[in-house]
Amino acid sequence: MSKQPVRGVDAENLGPAVNGKPEAGGPGPTDAEIADYLQHNTDFFERHSTLLTKLKLPHSRGNATVSLVERQVSALREKNQALESRLRELIDVARGNDVLAAKIHRLACRLVRARNAVTLLDSMETSLREDFGASEWLLLLAPARATGFADIESRHLRLIDPAATELKMFETLFESARPRCGQIRDSQRDFLFGAGTIEIGSAALVPLSREVGFGLLAIGSPDAQRFHPTMSTDFLARIGDLVSEAVAAA
């Protein structure tokens, strides 16, 4: 590495300049010049190793001072702790995703085994209740053609006319074709889950494929934080795809 001065900083006179003493014949180097010199001469402390233990820096906690080496070790330790914390967060997210993937796989297997609309609803009820802890849910369908759901009576199923005015309250949901989570309007809550019958703090609305006409899967929870607008909806979208295919085939 070059030992030549950088921006007028004399390598031999750097020590006195750092200690506040100006160079002979002119003012001492500025902080920026010293920083620039050290960046371009990374072997400086190898050539002046004793400075590493002599330089004292204010401690980040309290009034004590520490050596440059101790400060570097402390900074590296804090950085390492931050990286370890971030790694633990990523591992927790990955484990949570694995659990969700397994639940969606079980749902897919149940839907594949369903032979008709009745067993399809039973499979959805079992999966949503056992794997996802959802006891309040509704499959809303506005089929464009006759389906096997026409003669089924279930609190988890509602068939409406494709021209029904109630569908207008979900117009933006169908246009986006993406799941939506959070608190829903009172009119939506009452239409989907019944007026005053149960407490719905938050809900997930999952639009179904247009292959089944207009339709959605609504999942409600008494917990206001169970479904929130900032949560990822990728897995809900996969559930919507699976249910759409199963409903279309029923």
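Quick summary incoming for the structure in this document. Not measured: the values here are computed from a predicted model. Note that residues are indexed from 1 along each chain, following the sequence as it is written. Per-residue local features of the predicted model are confined to residues with pLDDT of at least 70, and side-chain atom pairs are confined, for both listing and counting, to 80 or more; whole-chain, interface and lining totals are unaffected and use all residues. Hydrogen atoms and water are omitted, and side-chain values are computed over all heavy atoms in the structure.

In this structure, Leu 139, Phe 149 and Leu 217 are the most contacted members of the largest nonpolar core, which totals 31 residues. The helix and strand labels rest on DSSP assignments: H or I over at least four residues marks a helix, E over at least two residues marks a strand, and numbering proceeds from the N terminus. Those elements that provide at least two residues to this core are α5 (68–113), α6 (117–130), β3 (136–142), β6 (202–207), β7 (214–221) and α9 (234–249). If you tally residues by element for this core, the top one is α9, at six residues. Contacts were defined at the residue level, with two residues in contact if any of their heavy atoms lie within 4.5 Å. In contact with Leu 139, other than residues within four places in its own chain, are Leu 121, Met 124, Phe 149, His 156, Leu 157, Arg 158, Leu 208, Leu 216, Val 243 and Val 247. Core analysis: the next-biggest nonpolar cluster, separate from the first, contains 18 residues, Phe 170, Phe 191, Phe 193 and Leu 205 among them. To form a nonpolar core, buried Ala, Val, Leu, Ile, Met, Phe, Trp, Tyr and Cys residues must be joined to one another through side-chain atoms within 4.5 Å. Buried residues are those whose accessible area, probed at 1.4 Å on protein chains only, stays under 20% of the maximum for their type, while exposed residues exceed 50% and partly exposed ones sit between those limits.

We now examine the sheet that holds β3. Taken together, five strands build an open sheet; the order of strands is β4-β3-β7-β6-β5 and the sheet is mixed. A single partner strand is all that each edge strand has here, and the edge strands are β4 (157–159) and β5 (180–182). Looking at each pair of strands side by side, their axes are set apart by 15° on average, direction ignored. When DSSP finds at least two bridges between two strands, those strands are taken to pair. Bridge analysis of β3 against β4 gives three bridges, and the strand direction is parallel. Only the stretch in contact is used when a helix axis is fitted, and all axes are lines through C-alpha atoms; the angle between N-to-C directions ranges over 0 to 180 degrees.

Moving on, we get to helix α8 (residues 186–193). Residues of α8 that are buried: Gln 188, Phe 191, Leu 192 and Phe 193. Projected down its long axis, α8 shows its buried positions confined to an angular sector of 165°, all on one face. Looking at the buried side of α8, the elements it contacts are β3, β4, β6 and β7. Gly 194 lies just past α8 and shows a positive phi near 100°. Each C-beta atom gives one direction from the helix axis, and the arc is the one those directions make.

Moving on, we come to the environment of Leu 140. Residue position: Leu 140 is located in strand β3. Classification of Leu 140 as buried rests on a relative accessible area of 1%. Separated by 18 residues in sequence, Leu 140 and Arg 158 place their C-alpha atoms 5.0 Å apart.

Now for the packing of aromatic side chains. Ring pairs are drawn from Phe, Tyr and Trp, using the six-membered ring of Trp, whenever the two centres fall within 6.5 Å, and their geometry is named by plane angle: stacked under 30 degrees, edge-to-face over 60, tilted for the rest. Using the criterion set out here, one finds three aromatic pairs in the structure. A ring is considered to have a charge above it if a Lys NZ or an Arg CZ atom is located within 6 Å of its centre and within 35 degrees of its normal. Cation over ring: Arg 158 sits above Phe 191, and NZ or CZ is 5.0 Å from the ring centre.

Here the focus is the pairing of β6. Across the six residues that make up β6, a large majority, six, are buried. Burial along β6 is two-sided: the face carrying Ser 202, Ala 204 and Val 206 and the face carrying Ala 203, Leu 205 and Pro 207 are both buried. Inspection of the sheet shows β5 paired to β6 by three bridges, in the antiparallel sense. Counted as the bridge partner of Gly 182 is Ala 203 from β6. As paired elements, β6 and β7 share six bridges and run antiparallel to each other. Across the sheet, the residue bridging to Ser 202 is Ser 221, located in β7.

What follows deals with helix α2 (residues 31–40). Among all positions of α2, only Ile 34, Asp 36 and Tyr 37 are buried. Projected down its long axis, α2 carries its buried residues within an arc of 165°, all on one side. Seen from the buried face of α2, the exposed residues on the opposite side, beyond 90 degrees, are Asp 31, Ala 32 and Gln 39.

Right, let's talk about unusual backbone geometry for a bit. Most peptide bonds adopt trans geometry, and most residues besides glycine take a negative phi value. In this model, Ala 177 sits at a positive phi of 55°, which is unusual for a non-glycine residue. Along the polypeptide, Ala 177 turns up in the loop between α7 (171–176) and β5. On the basis of relative accessibility, which here comes to 52%, the residue Ala 177 falls in the exposed class.

Moving on: the pattern of salt bridges. By salt bridge we mean one thing: a side-chain nitrogen of Lys or Arg within 4 Å of a carboxyl oxygen of Asp or Glu. If you walk through the whole model with that rule in mind, you get 11 salt bridges. The salt bridge partner of Arg 129 is Glu 125, with a shortest N-O separation of 2.7 Å. Taken together, the residues span about one helical turn, with Arg 129 and Glu 125 both in helix α6 at a distance of four residues. The class of Arg 129 is partly exposed, set by a relative accessible area of 39%. We note a salt bridge from Arg 129 to Glu 130, for which the minimum N-O separation is 4.0 Å. One connected set of salt bridges, linked through shared partners, spans Arg 106, Arg 110, Glu 125, Arg 129, Glu 130 and Asp 131.

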